[in-house]
Amino acid sequence: MYKTTDRQYFDNLDIHILKALSENARTPYLEIAREIGVSGAAVHQRVQRLIMNKVIKGSRCLIDSSALGYNVVAYVGINAMPGIDVEKLVEDLKGVEEICECHIVTGRYDVIVKLYGRDNSSILETIRERILPLNVAATETMVSFREAFQRSAPISKNK
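Now for a description of the structure that goes with this document.

About the cut-offs
Residues numbered from 1 in each chain as written. Predicted model: local features only at pLDDT ≥ 70, side-chain atom pairs only at ≥ 80, totals over all residues. Heavy atoms only, no water. Helix = DSSP H or I, 4+ residues; strand = E, 2+ residues; numbered from the N terminus. Buried < 20%, exposed > 50% of the residue type's maximum accessible area, 1.4 Å probe, protein only. Contact = heavy atoms within 4.5 Å. Polar contact = N/O pair within 3.5 Å; in protein donor to acceptor, adjacent residues only side chain to side chain. Expected span 1.5 Å × (residues − 1). Arc of directions from axis to C-beta.

Moving on, we get to the environment of E98. Relative to the helices and strands, E98 is located in the loop between α4 (86-93) and β2 (99-104). Relative accessible area serves as the criterion here: at 16%, E98 is assigned to the buried category. Expressed as a C-alpha distance, the spacing of E98 and L50, which sit 48 residues apart in the sequence, is 31 Å. Once you skip the residues sitting within four places of it in the chain, E98 turns out to touch K114, L115, Y116, T126 and R130. There is a polar contact of 2.6 Å between the side chain of E98 and the side chain of R130.

Here it is as C-alpha cells:
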C-alpha cells in the first residue's frame, strides 16, 4: 500500500545541487554553477531532471510560527477507533488547519501529528473539539520546548 520509489543514483553535480538547494532553496542557479565550475544552463537542466524524476518535490518558505502567534508546538499520538480506516482518519485530519505534519506510523499509535497552538489552552481545545470527534479513540500529547534542529535527508555520494 505504501508507495516506494527505486533508489536513484547521483553524480557530483547532482549532489552539489541538492546540497545547495536543501540549505537554501532560493540559491540562484548561476551561483551553484560558479561554485562547481559548470554553466548556469547545465544546473538548470539538471534541476529540471531532478524535478521530473521527483527527487525535488518543490521548495518551501520556512515561517517562524511564533511570528504568527503560534507559541506552542505539540506532537500528538493518535489512535483511531477500532474498525476505522486510518487513511480516512488522515483525510479528516487534513481539515484541522493547526496540523502541519501527519505521519502514519507503527507502534503505539496509528498516526502522529505536529500541531501548532497559540498557547497550551488552544492545543487542548484543538484536540478536544477538532481531533477527538474524528473517530479517535485516544491521544497522547507531547509539548515541544523548542526545535533543536531540522534538516533534509542526508545527501551523499552513492556508494
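Moving on to unusual backbone geometry. What is expected of a backbone is that most residues other than glycine have negative phi and most peptide bonds are trans. Of note, K54 is a non-glycine position whose phi angle comes to about 65°, a positive value. As for its placement among the helices and strands, K54 is situated in the loop between α3 (40-52) and β1 (72-80). A relative accessible area of 64% means that K54 is categorised as exposed. A positive phi angle is found at N135, which is not glycine, with a value near 60°. Note that N135 resides in the loop between α5 (120-131) and β4 (136-144). Overall, the relative accessible area of 38% leaves N135 in the partly exposed class.

Between the first and last C-alpha of α5 there are 15 Å, a value that for 12 residues agrees with the 16 Å anticipated at 1.5 Å per step. Among the residues of α5, those classed as buried are S122, I123, T126, I127 and I131. Looking straight down α5, one finds that the buried residues subtend no more than 140° of arc, so they occupy a single side. Residues of α5 that are exposed and point more than 90 degrees away from the buried face comprise S121, R128 and E129. Those residues of α5 that are buried lie in contact with β1, α4, β2, β3 (111-117) and β4. A distance of 3.2 Å separates the backbone nitrogen of S121 from a side-chain oxygen at the start of α5, and that oxygen is part of D119.

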